[in-house]
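Architecture and fold: a report
Listed below are the residues making up each chain.
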Amino acid sequence: MRARLKIGSPKRNKKLQTGWEGFFPYYAGFPEQFVRDMLESAQLGAESVVLDPWNGSGTTTYAASQLGLKSIGIDLNPVMIIVARARLLPPSEADHLRPLAATILSQLRSAPVVMAADDPLLSWFQPDAARLIRGIERNIRRSLVGGITKSPDGIHLDKISGTAATLYVALFAACRRFAATLQSSNPTWIKLPKADDDRLDPTVYAVAHQFAENVRGMSDALAARQLIEDTSGLDFAAAASTIQLSDTAKMAVPASSIDFVLTSPPYCTRIDYTAATRIELAVLGPLLKVKPRDLGRQMIGSVQVPQDTIEIDESWGRTCTRFLAGLKAHPSKASGGYYYKTHLDYFDKIARSLGRVTTALKPGGRAVFVVQDSYYKDIHNDLPQILKEMSTRKGLTFSKREDFHLRSMSDINPGRKNYERPAGATESVLCFTKPA
Ligand SMILES: C[S@@+](CC[C@H](N)C(=O)[O-])C[C@H]1O[C@@H](n2cnc3c(N)ncnc32)[C@H](O)[C@@H]1O
C-alpha cells in the first residue's frame, strides 16, 4: 500500500515570505509547507531521490534537503539556478557572509571597474551606479567562483558555491529594490527605462549600503534557521541536492532514477519567465552563455513565435486539440497566427518534457503537478485536464486531483476586459503513479 499524500493548499501566501525566505523572489512558487507536507506524507525511503524539473526558486529542493531527502532541481533560467543554490546554503555558513561582503566591497577601492560599453546594467542604471554594481558582481565572481565552475565555454552557474550564490542573491535583491519604481501592475514585469535620463540613479553609497544590508539580513536569517534546526531535529541541507541548468524538453536525467516528482510546470498564461528576471539577468550579463532573448525563446511559455513549424501531435490529447482548434478559429486579430503558434510551442515543449519526466521516474514512482487553468479570450484553457491527458499518454497512471480556487489569475492573456469569463482561476494538484 502506498502512503496517502497530504495535499495542502498550493496557494502562495505573501505573509509567509519573511526571514530567510523573504530574500528570494517567489514569482510563481508554491509554499514550502505544501511541499513539506507532500514529501513527508509520501514516506520516502532514505535513499529516495526527489526531482523538480521546473524548480524555479527551489522550494522543492529546499524542503527536500530539510527532510534529509536527496533531490535534483532543474531550471532553464540561470537566475533561478542561483536562487535555488543560495537557498540551500547551510546555516553553518552564516558567519562567513558578512566578512566576505566587506572584502568584496573593499576590493572595489583597489581594483578599478572597467565596464563594457554594452553592459546590460547600463540599460537600467546611470553609469556610476551600474559601474558599482558590476564591480560588486565582478568581485563576487573573482573571490568565490572557483576552478571547477570554469570551463572553456564559460562559467557553469549550476556549480557555483552556495556562498557565491547567496551574495549574488543579495545583489539581485538590492537591484530589485532600486527598481521598485519600475514595477508595472503585472507583478512579473519590470519596465525597462525608456530614455537614458529615466535610468535608475542610486548613489554609489546607497548601492554599497543596500548590498551590505542584504547580506547582513541574510546572515541573520540564516543564523535564526540554525536555532530552529537545533530545536526541531530538522537537518538543513544535510542531504545532497543537485541544481542543474537544463532544458526539460531535452534533459537527460537517467531513466528510472527518480522516486518522486513534485513540480509546478510553467503556466500557459503568457508569463515570460525570463522577463520576470530581466534585471537579475542584467547583473549576470558577463556570465551568460545565451542572450536573454534566446533564453526567452527556449522557455516553455515563450511569447516569441517559434522558428520551426510545429504540428499538433495526437499524443497531446483531446482537450488540448480541441482548445487549439477553438483558438485557431477565433475571429479576433492574431488568434489564428501569433497566438496559435505560441500555444503550439507551449504544448510541444511541455509534452516533450513530460515524456522525459516519465522516463526518469522509477516504476512505482509518483509524480505530483501543480497547475493552473486560464482563459484565451473566452475559451477555457483547461490545463489541468490537458496535463492529465498528456501524462496518461506518456505512460503515467492518474490517481487523484484536488482543486483550489484562486481569486486572481496570474494572467496577462489578451481579452481580459472584453470577454465573459469567470473571475479567478483554479489551481489543481494532479497526482500520478508510474506503473510498476
Ligand atoms: C511555475 S515556475 C516553478 C516555480 C517553483 N515551483 C517555485 O517554487 O519557485 C516554472 C519554472 O519553469 C522554468 N522553465 C520554463 N521553461 C523551462 C524549460 N524549458 N526547461 C526548464 N525549466 C523551464 C521557469 O524558469 C520557471 O522557473
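Residues numbered from 1 in each chain as written. Predicted model: local features only at pLDDT ≥ 70, side-chain atom pairs only at ≥ 80, totals over all residues. Heavy atoms only, no water.

**Brief notes about the sheet that holds strand S1 (residues 49-52)**
To summarise the sheet geometry, strands pair through backbone hydrogen bonds and adopt either a parallel or an antiparallel arrangement. With respect to topology, seven strands assemble into an open sheet ordered S5-S2-S1-S6-S7-S11-S10, the strand pairing being mixed. Each of the sheet's edge strands pairs with one partner strand only, and the pair in question is strand S5 (241-245) and strand S10 (397-406). Along the sheet, successive strands turn relative to each other by an average axial angle of 15°, direction set aside. Bridge count between S10 and strand S11 (residues 425-433): nine bridges; the pairing is antiparallel. Note that in S11 the partner of lysine 400 across the bridge is cysteine 431. Across the face of the sheet, helix H3 (residues 78-87) comes into contact with strand S2 (70-75) and S5 while running at roughly 170° to S5. (Pairing = 2+ DSSP bridges. Helix = DSSP H or I, 4+ residues; strand = E, 2+ residues; numbered from the N terminus. Axes fitted to C-alpha atoms, helices over the stretch in contact; angles between N-to-C directions. Contact = heavy atoms within 4.5 Å.)

**Quick word on the nonpolar core**
Grouped together as the largest cluster of nonpolar side chains are 65 residues, with contacts concentrated most on Ile82, Phe125, Ile136, Ile140, Phe172 and Phe211. Among the secondary structure elements, those contributing two or more residues to this core are H3, helix H4 (94-110), helix H5 (127-144), helix H6 (162-178), helix H7 (204-232) and helix H8 (278-283). Sort the elements by how many residues they give to this core and H6 lands first, with eleven residues. Apart from residues lying up to four places away in sequence, phenylalanine 125 is in contact with Ala130, Ile133, Cys175, Phe178, Arg199, Leu200, Pro202 and Ile279. Of all hydrophobic cores here, the second largest spans 40 residues; its members include Ile258, Val261, Leu324 and Phe432. (Core = buried A, V, L, I, M, F, W, Y, C linked by side-chain atoms within 4.5 Å. Buried < 20%, exposed > 50% of the residue type's maximum accessible area, 1.4 Å probe, protein only.)

**Let's talk about helix H10 (residues 318-329)**
When the terminal C-alpha atoms of H10 are compared, their 17 Å separation across twelve residues agrees well with the 16 Å that a helix rising 1.5 Å per residue should span. Restricting attention to buried positions, one finds in H10 the residues Thr319, Cys320, Phe323, Leu324 and Leu327. Down the axis of H10, the buried side of the element spans an arc of 130°, and every buried residue falls inside it. For H10, the exposed residues lying more than 90 degrees away from the buried face are Arg318, Arg322 and Ala329. Contact partners of the buried residues in H10: helix H11 (335-360), strand S8 (374-376), strand S9 (379-381) and helix H12 (383-394). (Expected span 1.5 Å × (residues − 1). Arc of directions from axis to C-beta.)

**Some words on the packing of aromatic side chains**
The full count for this structure, using the stated rule, is nine aromatic pairs. Here phenylalanine 30 and phenylalanine 34 contribute two aromatic rings whose centre-to-centre distance is 5.6 Å and whose plane-to-plane angle is 40°, an arrangement assigned as tilted. An aromatic cluster is built from Trp316, Phe323, Tyr346 and Phe347, whose rings are joined through pairwise contacts. Sitting over the face of the ring of phenylalanine 398, lysine 388 holds its NZ or CZ atom 4.2 Å from the ring centroid. (Phe/Tyr/Trp six-rings, centres within 6.5 Å; stacked < 30°, edge-to-face > 60°. Lys NZ or Arg CZ within 6 Å of the ring centre and 35° of its normal.)

**Regarding unusual backbone geometry**
Peptide bonds are mostly trans, and most non-glycine residues show a negative phi. Positive phi outside glycine occurs at glutamine 43, with the angle close to 50°. Residue placement: glutamine 43 occurs in the loop between helix H1 (32-41) and S1. Look at glutamine 43 and you get exposed, because its relative accessible area is 64%. Positive phi outside glycine occurs at alanine 334, with the angle close to 70°. One can find alanine 334 in the loop between H10 and H11. Accessibility expressed as a relative area gives 34% for alanine 334, which makes it partly exposed.

**Some details on the packing of H4 against H6**
It is the contact of H4 with H6, at a shortest axis distance of 11 Å, that shows an interaxial angle of 65°. In terms of their interaxial angle, H4 and H6 are classed as roughly perpendicular. In the packing of H4 onto H6, the handedness of the crossing is right-handed. Here H4 contributes Leu97, Leu100, Ala101 and Ile104 to the contact with H6, which in turn contributes Thr163, Thr166 and Leu167. Split by residue class, the contact of H4 with H6 holds five nonpolar, two polar and no charged. (Parallel < 35°, antiparallel > 145°, perpendicular 65-115°, else oblique. Left-handed = near helix turned anticlockwise from the far one by under 90°. Nonpolar A, V, L, I, M, F, W, Y, C, P; charged D, E, K, R; others polar.)

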